Amino acid sequence: MPYTEKELLYATQIAYYDFDPEMISELTDSNGGHAPTLQDILECDYNVKESDSIYKRLENTLKTEQGKDPNSLETQRATVALQRYNEMRQGTICAGWSIVDVRDENNTTGMVGCLIETGKDEAIIGFRGSESNDASTVLTDWIISDLGLLNAYETVEQQSAENY
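To keep things clear, this report deals only with the structure shown in the data block.

The rules behind these values
Residues numbered from 1 in each chain as written. Predicted model: local features only at pLDDT ≥ 70, side-chain atom pairs only at ≥ 80, totals over all residues. Heavy atoms only, no water. Axes fitted to C-alpha atoms, helices over the stretch in contact; angles between N-to-C directions. Helix = DSSP H or I, 4+ residues; strand = E, 2+ residues; numbered from the N terminus. Parallel < 35°, antiparallel > 145°, perpendicular 65-115°, else oblique. Left-handed = near helix turned anticlockwise from the far one by under 90°. Contact = heavy atoms within 4.5 Å. Nonpolar A, V, L, I, M, F, W, Y, C, P; charged D, E, K, R; others polar. Pairing = 2+ DSSP bridges.

**So, the packing of helix 2 (residues 21-30) against helix 3 (residues 38-46)**
- Interhelical geometry of helix 2 versus helix 3 gives an angle of 125 degrees and a closest axis separation of 10 Å. Here helix 2 lies oblique to helix 3, going by the angle between them. When you trace helix 2 past helix 3, the crossing you get is right-handed. In contact with Met 23, Ile 24 and Leu 27 of helix 2, helix 3 contributes Asp 40, Ile 41, Cys 44 and Asp 45.
- Classifying every residue of the contact of helix 2 with helix 3 gives five nonpolar, no polar and two charged.

**Section: the sheet that holds strand 3 (residues 122-127)**
- With antiparallel pairing, three strands are arranged side by side in an open sheet as 1-2-3. The outermost strands of the open sheet, each flanked by one partner alone, are strand 1 (98-105) and strand 3. Each strand axis lies, on average, 15 degrees off the axis of its neighbour in the sheet, ignoring direction.
- Pairing of strand 1 with strand 2 (residues 111-119), which is carried by seven bridges, proceeds in the antiparallel orientation. Paired with Ile 99 across the two strands is Ile 116, which belongs to strand 2.
- Lying over the sheet, helix 1 (residues 5-16) contacts strand 1, strand 2 and strand 3, oriented at roughly 60 degrees with respect to strand 3.

Right, here's the structure in full:
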């Protein structure tokens, strides 16, 4: 199935979400062993009251950035991130997509990806880009992997992504 640029962009966005494995497991169990849809996961996440839900983190980022400068690029990015979350949660885009698997090797190879079932016998893999969350991700994502690309050798992160 050909995907639109917007769908591919959203698949990448999905890879940036730190899904709660316990929540996905519970949703899978309540769904008769079938992977929950993205809308199910995001709706459950949206209703979580703790501050560590994906929605709460996006909302807090937006509030923080608006407090610094309501017109900044970072405020605009945070606004768009929250809009994308809500579009996916409401099924405006990516309707019926299911999160089948999440591979998080951020602390070892730097690779984070997720397998998203988009239809019958159709799937897409969303990958995160380079991150700068802490010294470990700067080392694995920027120094070892990205600078390794400049040296024209296959990095451990590339190998991991290819294997996935």
